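# Summary of the model geometry
Chain by chain, the residues run as shown.
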Amino acid sequence: TGMPVDAANLISILLESILYGFSVLMFMGTMWIFTYKRRMRDVNRPTIAVATLLFLLSTAHVVAGIIHVENGLVKYRDTFPGGPVAFFTDLVQAMFVVKNAILVLETLLGDGVVIYRCYVVWQSVRVIILPCIMWCGVAVFGVCMVYSMSQPQTNNSTNIFLNATAQWITAFLAFTIATNLLSSGLLAYRIWTIERKVSTIHTTKNQTPILRVLVDAAALYSAAVCSSLISFTCSSSGMYVMADLIIPIIPIAFYMVFIRI
């Protein structure tokens, strides 16, 4: 409902490209912080690897999105049965499946980073058992979602809100929100308790900004996923827009932690 599907896909790639530009600048800033501002022996290689992987995934998604829009609005505009609207509602289109596969991979990477931060702060495996189980749920539902999209649908195949894929999309988005909120909540609570303890000894000027940055990053990511879930449950074409915006928002939320601290 709402805007036409072809218009939604065009708007999504435009907005995603704008946010992607911001993420590229933040990626460059993150690389500068971890290389030029530090000696090579102090470089956090895992962090650089994650930042680079997020950059590559978001770049691949933008490229796939451009190809998908170009196919629907230009290449197959007059030859695809039903025109652009039918093309963009066809779930088995290769670039649409690729875009959602990248979404699953980037979501798993982003949630995994938050869980790892939670472990580092708590120094306890027991604390992250439930987040890890939920992360596995995100992986399972994500794989099922992409696989279902890649298979030809017999009934209501042109309506993503009614076919068999809908249940996997709902579960994937819901588990993603829950995993992020739980992990970020545990992380923020631990930092807050540490800040309260050390504040009795000396004045701390760094803990509160760290807590604020982590909360802001979690809120940004969760708001994007929550908006996608709401749009999907309301059967709104805005879901195409919000789902694509998640891709640049995940690396932005990751980079902002290092840039703002």
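Just so it is clear, the structure is predicted and the values come from calculations on it, not from any experiment.

What follows deals with the overall build of the protein chain. The number of helices and strands found in the protein chain is eight helices and zero strands. Going from the N terminus to the C terminus, the protein chain shows its helices and strands as α-α-α-α-α-α-α-α. Among the 261 residues that make up the protein chain, the fraction classed as buried is 47%.

Averaged over all residues, the pLDDT of the protein chain equals 87, while 90% of them reach at least 70. Looking over the protein chain, one finds the lowest element-wise mean pLDDT in helix 7 (residues 207–233), namely 84, and the highest in helix 5 (residues 129–150), namely 94.

Considering the arrangement of structural elements, one finds Ser-222 in helix 7. The contact partners of Ser-222, leaving out residues within four places of it in the chain, are Asn-180 and Leu-181.

Across all of its chains, the model carries one salt bridge by this definition. Linking Lys-99 and Asp-244 is a salt bridge whose minimum nitrogen-to-oxygen distance equals 3.2 Å. In this pair, Lys-99 sits in helix 4 (residues 94–122) while Asp-244 sits in helix 8 (residues 238–260), placing the two residues 145 residues apart along the sequence. The two residues Lys-99 and Asp-244 agree in class, both being buried.

Together, Met-3, Ile-11, Leu-15, Ile-18, Phe-22, Leu-25 and Met-28 make up an exposed nonpolar region whose accessible area comes to about 650 Å². You can call Leu-25 exposed: its relative accessible area is 57%.

The geometry of helix 1 (residues 5–35) relative to helix 2 (residues 45–75) is characterised by a closest axis approach of 10 Å and an angle of 160° between their N-to-C directions. If you check the angle between helix 1 and helix 2, you find them roughly antiparallel. Crossing geometry of helix 1 relative to helix 2 is assigned as left-handed. Classifying every residue of the contact of helix 1 with helix 2 by side-chain character gives 14 nonpolar, ten polar and two charged.

Residues Ile-160 and Tyr-255 are the most contacted members of the largest nonpolar core, which totals 65 residues. Of all the secondary structure elements, the ones that give two or more residues to this core are helix 1, helix 2, helix 3 (83–88), helix 4, helix 5, helix 6 (165–199), helix 7 and helix 8. Broken down by element, this core gets its largest block of residues, 15 residues, from helix 8. Apart from residues lying up to four places away in sequence, Ile-160 is in contact with Leu-91, Phe-96, Met-149, Ala-166, Ile-169, Phe-232, Met-239 and Tyr-240.

Across its 29 residues, helix 4 extends 42 Å between first and last C-alpha, which sits within 8% of the 42 Å expected from 1.5 Å per residue. Gln-123 sits one or two residues past helix 4 and shows a positive phi near 55°.

Take the packing of helix 2 against helix 8 next. The interhelical angle for the contact between helix 2 and helix 8, taken along N-to-C directions, is 155°, at an axis separation of 10 Å. When the axis of helix 2 is compared with that of helix 8, the two are roughly antiparallel. Judged by the twist between their axes, the crossing of helix 2 over helix 8 is left-handed. Contacts between helix 2 and helix 8 pair Thr-47, Val-50, Ala-51, Leu-54, Phe-55, Ser-58 and His-61 from the former with Asp-244, Ile-247, Ile-250, Pro-251, Phe-254, Tyr-255 and Phe-258 from the latter.

Moving on to the packing of aromatic side chains. In this structure the tally under the stated criterion is 14 aromatic pairs. Where Phe-34 meets Phe-258, the ring centres are 4.9 Å apart and the plane angle is 75°; that geometry is what we call edge-to-face. A residue pair is termed long-range when its members are at least 10 positions apart, and Phe-34 in helix 1 and Phe-258 in helix 8 qualify at 224 residues. With relative accessibility at 3%, the residue Phe-34 sits in the buried group. With 5.4 Å between their ring centres and 85° between their planes, Phe-87 and Phe-88 make a pair best called edge-to-face. As far as burial versus exposure is concerned, Phe-87 and Phe-88 are alike and both buried. Taken together, Tyr-20, Phe-27, Phe-34, Phe-55, Phe-254, Tyr-255 and Phe-258 form an aromatic cluster joined through their ring pairs.

Criteria and cut-off values
- Residues numbered from 1 in each chain as written.
- Predicted model: local features only at pLDDT ≥ 70, side-chain atom pairs only at ≥ 80, totals over all residues.
- Heavy atoms only, no water.
- Helix = DSSP H or I, 4+ residues; strand = E, 2+ residues; numbered from the N terminus.
- Buried < 20%, exposed > 50% of the residue type's maximum accessible area, 1.4 Å probe, protein only.
- pLDDT = per-residue confidence, 0-100.
- Contact = heavy atoms within 4.5 Å.
- Salt bridge = Lys/Arg side-chain N within 4 Å of Asp/Glu carboxyl O.
- Patch = residues over 30% accessible without salt bridge, like charges linked within 9 Å, V, L, I, M, F, W, Y side chains within 5 Å.
- Areas by Shrake-Rupley, 256 points an atom, 1.4 Å probe, with all protein chains shown as cover.
- Axes fitted to C-alpha atoms, helices over the stretch in contact; angles between N-to-C directions.
- Parallel < 35°, antiparallel > 145°, perpendicular 65-115°, else oblique.
- Left-handed = near helix turned anticlockwise from the far one by under 90°.
- Nonpolar A, V, L, I, M, F, W, Y, C, P; charged D, E, K, R; others polar.
- Core = buried A, V, L, I, M, F, W, Y, C linked by side-chain atoms within 4.5 Å.
- Expected span 1.5 Å × (residues − 1).
- Phe/Tyr/Trp six-rings, centres within 6.5 Å; stacked < 30°, edge-to-face > 60°.

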